[in-house]
Number of protein chains: 4
Amino acid sequence: MNAYIKEKLELFQERNQNRGRLLVSCPDKPGIVAAISQFLFSHDANIIESSQYSTNPEGGTFFLRIEFECPSLLEKAKEMESEFAELADRFSMEWSFIHVYQVKKLAIFVSQQLHCLRELLWEWQSGDLIADIALVISNHEEARDVVEGLDIPFYCIPANKDIRKQVEEKQLQLLKEYDIDVIVLARYMQILTPEFVASNPNKIINIHHSFLPAFVGARPYERAYGRGVKLIGATSHYVTNDLDEGPIIEQDIARVDHRDNVERLKKIGASIERSVLARAVKWHIEDRIIVHQNKTIVF
Amino acid sequence: MNAYIKEKLELFQERNQNRGRLLVSCPDKPGIVAAISQFLFSHDANIIESSQYSTNPEGGTFFLRIEFECPSLLEKAKEMESEFAELADRFSMEWSFIHVYQVKKLAIFVSQQLHCLRELLWEWQSGDLIADIALVISNHEEARDVVEGLDIPFYCIPANKDIRKQVEEKQLQLLKEYDIDVIVLARYMQILTPEFVASNPNKIINIHHSFLPAFVGARPYERAYGRGVKLIGATSHYVTNDLDEGPIIEQDIARVDHRDNVERLKKIGASIERSVLARAVKWHIEDRIIVHQNKTIVF
Amino acid sequence: MNAYIKEKLELFQERNQNRGRLLVSCPDKPGIVAAISQFLFSHDANIIESSQYSTNPEGGTFFLRIEFECPSLLEKAKEMESEFAELADRFSMEWSFIHVYQVKKLAIFVSQQLHCLRELLWEWQSGDLIADIALVISNHEEARDVVEGLDIPFYCIPANKDIRKQVEEKQLQLLKEYDIDVIVLARYMQILTPEFVASNPNKIINIHHSFLPAFVGARPYERAYGRGVKLIGATSHYVTNDLDEGPIIEQDIARVDHRDNVERLKKIGASIERSVLARAVKWHIEDRIIVHQNKTIVF
Amino acid sequence: MNAYIKEKLELFQERNQNRGRLLVSCPDKPGIVAAISQFLFSHDANIIESSQYSTNPEGGTFFLRIEFECPSLLEKAKEMESEFAELADRFSMEWSFIHVYQVKKLAIFVSQQLHCLRELLWEWQSGDLIADIALVISNHEEARDVVEGLDIPFYCIPANKDIRKQVEEKQLQLLKEYDIDVIVLARYMQILTPEFVASNPNKIINIHHSFLPAFVGARPYERAYGRGVKLIGATSHYVTNDLDEGPIIEQDIARVDHRDNVERLKKIGASIERSVLARAVKWHIEDRIIVHQNKTIVF
């Protein structure tokens with residue numbers, strides 16, 4: 001990591017020593033918010049942001065995201081977490097207690113088209129994407145210069161469907177070595193095996209170049225052109241073993257018309273892909289997303 | 001037709017006695033615009049608006065829409081049209097010579113959901129949709145009051161798939177009787193037979209409640225909810241014999257999120273359906289649409 | 001009120017007997033959410049929706065909107081309200097305790113342009129605007145038919161700046177008689193006196209036909225045309241004694257280009273005005289808006 | 001210029017040897033299109049794209065942009081141009097005859113905020129902005145690395161209002177030396193003198209960080225925050241001697257809410273500034289803009 005960005009991250013960490021987040025899913029019933037806010041109050045924590053949603057107040061599932069500021073969190077985090085575990089048990093919660101101080105570690109996978117990678121690196125350099133981009137993995141060489149120019153390790157692992165297993169072994173080895181939290185497929189044009197996906201549940205974020213569920217699969221811009229649509233789009237989603245069927249995080253579209261040929265659709269689409277993927281990654285990093293039954297709640 | 005709207009239409013006709021339109025498709029080659037503009041100039045016509053597009057200047061198809069003002073068009077239209085026919089022959093054109101004075105006759109088909117019908121009637125009353133809405137046909141009674149309240153003939157023809165033939169015979173009889181130019185399916189929830197469609201090529205405009213090609217067929221809002229999309233949409237298209245596969249005229253979308261249940265999606269979607277269908281109908285009425293190989297050029 | 005809408009409102013009331021809302025503003029400090037959620041829990045209330053915002057967790061102002069479901073609220077509301085008053089005192093809160101069962105009473109003011117009025121009536125008829133539209137007041141006759149056609153009382157009070165006092169006296173008399181909660185200026189083209197405004201703080205919602213602060217005052221479309229803007233807009237805001245300077249509730253825009261003359265700008269703009277005002281009125285009615293220092297927090 | 005981009009430009013030139021453009025403004029009357037299309041046809045030119053607009057067919061001003069493909073244009077351009085001059089005289093045209101082969105030379109002015117510069121360089125590298133970015137001038141050093149990294153000459157000329165004359169002399173000297181066609185102010189935070197502006201009419205493109213005419217002048221994001229707007233925007237315009245009052249080329253907006261502080265408004269706004277300026281520069285470079293009475297026609 002280069003010195004300039006390192007300094008930014010350290011400043012962020014310094015400012016967020018006392019900042020925590022709680023993510024909760026559980027069966028809905030009265031008293032959940034009362035219990036959690038009482039817990040936070042008892043630790044002198046001040047709620048900064050709070051969002052909640054219930055699929056149905058009568059017997060549905062309740063979701064909560066709270067961001068709070070708590071004096072001496074750095075020292076108390078462990079203790080608070082184990083205290084919260086008891087409360088969580090009482091309400092049968094799935095939950096995470098997140099210390100914002102711990103910046104997430106990202107691996108970016110990319111092939112030959114660099115626009116999504118560039119956007120992420122840009123946002124990262126300008127301090128809008130607060131993460132530790134630990135490495136970039138590609139099956140091609142195109143991205144090497146821009147990545148290494150920012151002092152980020154770059155690994156070129158050529159890939160094709162015959163050597164998928166060996167390739168993924170190397171990749172998993174690297175992910176482990178760098179202790180990666182999130183994998184971003186920034187136009188990585190290889191299919192992942194079920195084993196690779198299974199070992200990273202809700203941790204792999206993809207960008208697909210259509211407004212799903214339209215144009216699942218290959219060559220969506222060519223097919224959009226063929227169908228004569230008046231809108232094209234892009235979709236960012238978590239990767240599951242059903243191709244392009246994972247939980248959708250974000251989508252956006254742009255207007256096109258009869259004059260736009262496939263080449264122009266790709267250019268227009270590239271700009272949507274950039275912003276949609278960047279938003280999805282930021283929301284993930286800020287712990288704003290809860291996955292529930294192949295859908296996302298985005299707080 | 002009630003007196004107020006009748007007066008508006010008459011005023012429109014008076015103002016457009018000299019207004020004409022040319023729609024042209026032909027193999028592209030040099031000299032087309034020169035020939036047509038020379039033709040118009042020789043008749044003292046002034047070009048008001050002109051749009052053109054070529055799929056490929058080398059051997060592609062050329063499309064043109066010209067709107068012009070020509071002194072004494074009411075008297076000269078026939079003669080000009082036959083003169084243009086010769087020019088058109090030379091370039092192997094498909095073409096229409098349209099006298100704006102002749103207001104198009106619309107039939108609106110509707111079932112029980114009235115929002116699209118209401119929007120069209122609203123735009124019509126406020127003078128934004130210049131057409132003769134000659135009749136409304138429905139398989140239910142819900143629309144009767146609003147339609148008859150505007151002095152538009154309303155025909156209720158109950159329908160189901162067992163009596164499709166008889167129903168369509170009655171409908172075709174009415175379309176003939178009222179000399180209809182355009183059929184607008186404003187959420188008409190019956191499937192049309194291939195014969196009905198074939199007898200009205202590029203004349204039936206439908207609104208489908210999804211951003212096609214996503215969610216072709218029934219219950220698109222329910223399926224959009226199930227898939228967890230972050231955008232919902234609507235599509236207006238010409239009806240062909242492939243369900244929801246006809247040439248797309250216009251599409252639009254709205255942003256939704258995890259809080260929006262199916263009922264809310266329908267409400268949000270209704271507002272998109274309204275505006276998308278209204279735009280498509282207006283463009284058709286203003287002769288802005290050329291259909292080419294299951295796509296539309298919209299000028 | 002006609003029978004159909006009356007039935008809808010009664011159904012809404014029946015369904016919302018146990019539904020309440022709390023709106024709170026107070027100096028931010030730890031423990032507010034804990035106290036309120038504990039209060040609700042102690043009354044067996046289940047939180048349905050909760051939104052909060054703080055201008056600054058250190059010494060700023062805290063805002064909260066909670067919607068909850070509470071068994072037997074109809075019987076307990078009074079008692080709960082006075083119990084909450086004590087809690088509110090402790091935190092120096094400004095607050096409202098709202099029983100959703102009590103539908104808000106609206107007066108709509110309109111002049112000769114009816115598109116905003118029509119939109120509100122449409123949303124009201126289709127059940128999207130849950131309110132008691134108690135009367136419509138106009139300085140002209142244009143709106144009478146559409147208003148009385150829906151069995152809503154219509155009062156024509158001709159107005160001009162010389163008789164402003166007398167006109168407003170009549171209006172205030174009617175507002176009192178009908179026990180009005182909200183006044184919607186749906187393109188009412190008369191300026192209100194400071195006295196009228198002062199007697200209805202944050203209760204008068206206006207639609208201005210520009211994206212404020214551009215084109216404050218008269219003839220915004222003409223001035224937008226003169227300036228050659230590429231976007232036009234509309235703004236809904238609470239009325240204060242500074243013309244078009246009150247707290248902005250909602251804004252939206254549409255794209256225009258060099259071909260759009262003033263008449264077309266007005267048509268395009270009308271459609272934005274309709275939707276912007278409708279959203280603002282709905283948010284007000286659902287108690288989603290808190291005014292703070294000439295700005296709005298919209299939850 | 002680096003080798004990669006040089007190669008792209010040469011490829012573009014090779015492909016566009018026969019590509020020309022005509023831009024015309026003149027008093028409207030019948031026969032203009034006929035004359036021009038006859039002229040092009042007589043030179044075997046094929047019209048690729050044609051757009052026209054008239055402020056008023058009766059005595060208004062007529063505007064036309066035609067893009068055409070003409071065999072051997074490289075050899076015939078001079079001769080055609082002088083032949084067109086006679087035709088132009090007959091209709092009292094203001095006109096340009098443009099050979100697309102001749103790529104425009106750009107100077108970019110920038111201060112310390114680099115996002116607009118970066119966007120232009122990005123589009124340039126990816127082949128979406130076909131121009132010769134001949135030099136970058138700044139009053140600060142921040143941009144040096146990114147500019148020189150692309151082998152573009154970078155000149156740092158410190159500036160302040162006391163030395164404006166001397167600074168502009170140096171700048172004008174450079175513009176002359178590099179034979180510059182267009183000056184792009186990509187967040188250049190110095191005011192230009194009337195002399196500088198006068199010597200480059202309709203050649204200086206600025207990006208202003210508000211949706212003009214709202215928030216003319218300094219600190220627009222701070223003022224947008226203060227006013228509590230729900231939309232922020234950016235405007236690209238030609239520079240005239242009235243601050244932020246020049247002909248608007250393009251505008252766009254983004255939605256914001258009460259949670260967005262000034263810092264967030266700036267981040268959101270930066271992304272609008274980037275795309276709005278890039279579009280404006282591209283349209284200028286493709287000769288799509290005609291300035292008429294402090295407005296733009298954008299074809």
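Cut-off values and rules
Residues numbered from 1 in each chain as written. Chains lettered and ligands numbered in written order. Predicted model: local features only at pLDDT ≥ 70, side-chain atom pairs only at ≥ 80, totals over all residues. Heavy atoms only, no water. Salt bridge = Lys/Arg side-chain N within 4 Å of Asp/Glu carboxyl O. Helix = DSSP H or I, 4+ residues; strand = E, 2+ residues; numbered from the N terminus. Buried < 20%, exposed > 50% of the residue type's maximum accessible area, 1.4 Å probe, protein only. UniProt positions renumbered as here; feature names shortened; annotations may be inferred. Contact = heavy atoms within 4.5 Å. Polar contact = N/O pair within 3.5 Å; in protein donor to acceptor, adjacent residues only side chain to side chain. Buried area = accessible area lost by both parts, 1.4 Å probe. Arc of directions from axis to C-beta. Disulfide = S-S within 2.5 Å. Axes fitted to C-alpha atoms, helices over the stretch in contact; angles between N-to-C directions. Parallel < 35°, antiparallel > 145°, perpendicular 65-115°, else oblique. Left-handed = near helix turned anticlockwise from the far one by under 90°. Nonpolar A, V, L, I, M, F, W, Y, C, P; charged D, E, K, R; others polar. Pairing = 2+ DSSP bridges. Domains from an automatic or database assignment. Least-squares fit on C-alpha atoms with pLDDT ≥ 70 in both. Patch = residues over 30% accessible without salt bridge, like charges linked within 9 Å, V, L, I, M, F, W, Y side chains within 5 Å. Areas by Shrake-Rupley, 256 points an atom, 1.4 Å probe, with all protein chains shown as cover. Lys, Arg positive; Asp, Glu negative; His and termini not counted. Charge placed at Lys NZ, Arg CZ, Asp CG, Glu CD.

S.K.: I'm lost on the pattern of salt bridges in this one. Help?
M.R.: It is possible for side chains bearing opposite charge to pair when their charged atoms get close. In the structure shown here, the tally under the stated rule is 104 salt bridges over all chains. Salt-bridge contacts for Lys-267 of chain D lead to Asp-128 of chain A; the nearest nitrogen and oxygen are separated by 2.4 Å. Here Lys-267 of chain D is found in helix α9 (residues 262-285), whereas its partner Asp-128 of chain A is found in the loop between α4 (115-125) and β6 (132-138) on a different chain. For Lys-267 of chain D, a relative accessible area of 37% gives the class partly exposed. When salt bridges with common partners are traced through the structure, they connect Arg-19, Arg-21, Glu-49, Arg-65, Glu-67, Glu-69, Lys-104, Glu-286, Asp-287 and Arg-288 of chain A into a single cluster.

S.K.: Hey, could you run me through the UniProt feature "active site" (unreviewed entry) in chain A in this one?
M.R.: The UniProt record marks Asp-244 of chain A with the feature "active site" (unreviewed entry), using the residue numbering of this structure. Not counting the four nearest positions on each side in its chain, Asp-244 of chain A is found in contact with Asn-206, His-208, Leu-212, Val-216, Gly-217 and His-237 of chain A together with Arg-227 of chain B. A polar side-chain atom of Asp-244 of chain A sits 2.8 Å from the main-chain amide nitrogen of Gly-217 of chain A.

S.K.: Would you mind going over the interface of chain A and chain C with me for this structure?
M.R.: Size of an interface: often given as the accessible area lost when the parts come together. Residue-level contacts link 17 residues of chain A with 16 residues of chain C. For the pair chain A and chain C, the summed buried area comes to about 1600 Å², and 59% of that belongs to carbon and sulfur atoms. A per-residue breakdown of the area chain A buries against chain C is headed by Pro-30, Asn-46 and Gln-52 of chain A, which together make up 30% of the total. Where chain A packs against chain C, one counts zero salt bridges. Residue assignment for the side of chain A that touches chain C shows that the elements contributing at least two residues are α2 (32-42) and β2 (46-54) of chain A.

S.K.: It is not clear to me how helix α8 (residues 220-227) of chain B should be interpreted in this structure. Could you clarify?
M.R.: Each α-helix turn comprises 3.6 residues. Residues three or four places apart therefore point the same way. Buried within α8 of chain B are the following residues: Pro-220, Tyr-221, Ala-224 and Arg-227 of chain B. Along the long axis of α8 of chain B, the arc covered by the buried residues comes to 125°, so they all point the same way. Residues of α8 of chain B that are buried in the fold lie against β11 (248-255) of chain A together with β9 (204-208), β10 (231-238) and α9 (262-285) of chain B. With its phi angle positive at about 70°, Gly-228 of chain B sits one or two positions after the end of α8 of chain B.

S.K.: Teacher, can you tell me more about the state of the cysteines here?
M.R.: In protein chemistry, a disulfide is the covalent bond that joins the sulfur atoms of two cysteines. Residue and element names in this part refer to chain C. Evaluated as defined, the whole model comprises zero disulfides over all chains. With no disulfide partner, Cys-156 has as its closest neighbouring cysteine sulfur the one in Cys-116, 19 Å distant. Look at Cys-156 and you get partly exposed, because its relative accessible area is 25%.

S.K.: Even after reading the chapter, I still don't get the packing of α8 of chain B against α9 of chain B, so can you show me in this structure?
M.R.: Two packed helices can be described by the angle between their axes and the distance between those axes. All names here are of chain B. One can describe the packing of α8 onto α9 by two numbers: an axis separation of 9 Å at closest approach and a directional angle of 120°. With respect to α9, the element α8 is oriented oblique. The hand of the α8/α9 crossing is right-handed. Residue-level inspection shows Tyr-221, Glu-222, Ala-224 and Tyr-225 of α8 in contact with α9, the latter providing Val-262, Leu-265, Lys-266, Gly-269, Ala-270 and Glu-273. Grouping the amino acids of the contact of α8 with α9 by side-chain chemistry returns six nonpolar, one polar and three charged.

S.K.: I tried to follow the sheet that holds strand β4 (residues 94-99) of chain D on my own but got confused; where do I start?
M.R.: Backbone hydrogen bonds are what pair the strands of a sheet, in a parallel or an antiparallel way. All names here are of chain D. Read from one edge of the open sheet, four strands run β2-β3-β1-β4, paired in antiparallel fashion. Two strands in the sheet have a free side with no partner beyond their single neighbour: β2 (46-54) and β4. Each adjacent strand pair in this sheet contributes to an overall mean axis angle of 10°, direction not counted. Across six bridges, the pairing between strand β1 (residues 19-27) and β4 is antiparallel. Residue Leu-23 lies in a different strand from β4, and its bridge partner there is Ser-96.

S.K.: Got a minute to help me understand the UniProt feature "domain: ACT" (unreviewed entry) in chain A in this structure?
M.R.: Per the UniProt record, "domain: ACT" (unreviewed entry) is found at residues 21-105 of chain A. Across residues 21-105 of chain A, helical content stands at 34% and strand content at 38%; the span's end C-alpha atoms are separated by 17 Å.

S.K.: Hey, could you run me through the domain arrangement of chain A in this one?
M.R.: Residue and element names in this part refer to chain A. The domain boundaries assigned to chain A delineate domain 1 (17-99) and domain 2 (105-298). Once you take the C-alpha centre of each, domain 1 and domain 2 turn out to be 31 Å apart. Each partner contributes residues to the interface: domain 1 has 12 residues there, and domain 2 has eight residues. At the surface where domain 1 touches domain 2, the tally comes to two salt bridges. A salt bridge links Glu-49 to Arg-288; its shortest N-O distance comes to 2.9 Å. Summed over the shared surface of domain 1 and domain 2, the number is four residue pairs in polar contact (both at pLDDT 80 or more).

S.K.: Honestly, the relation of the copies chain A and chain B in this entry has me stumped. Any pointers?
M.R.: The second copy of the chain is related to the first by a rotation about an axis and a shift along the axis. After a rotation of 180° and a shift along the axis of 0.0 Å, chain A superposes on chain B with an RMSD of 0.0 Å. Here the copies are linked by what is in effect a two-fold axis. Among all C-alpha atoms of chain A, that of Ala-214 of chain A lies closest to the rotation axis, at 2.2 Å. When you check the interface residues of chain A against chain B, 100% turn up at the interface there too, and the contact is symmetric in its surfaces.

S.K.: Where do I start with a negative patch on the surface in this structure?
M.R.: All names here are of chain A. Taken together, the side chains of Glu-79, Glu-83, Glu-86 and Asp-89 make up a negatively charged region of the molecular surface. Within the secondary structure, Glu-86 sits in helix α3 (residues 73-90). We classify Glu-86 as exposed; its relative accessible area is 59%.

S.K.: Any chance you could explain the pairing of strand β10 (residues 231-238) of chain C here in plain terms?
M.R.: For a regular strand, side chains alternate in direction, first toward one face of the sheet and then toward the other. Residue and element names in this part refer to chain C. The element β10 is extensively covered by neighbouring structure, given that eight of its eight residues are classed as buried. Side-chain alternation along β10 places Leu-231, Gly-233, Thr-235 and His-237 on one buried face and Ile-232, Ala-234, Ser-236 and Tyr-238 on a second face that is also buried. In this structure, strand β9 (residues 204-208) lies alongside β10, joined through four bridges in antiparallel fashion. When the sheet's bridge partners are listed, Asn-206 is paired in β10 with His-237.

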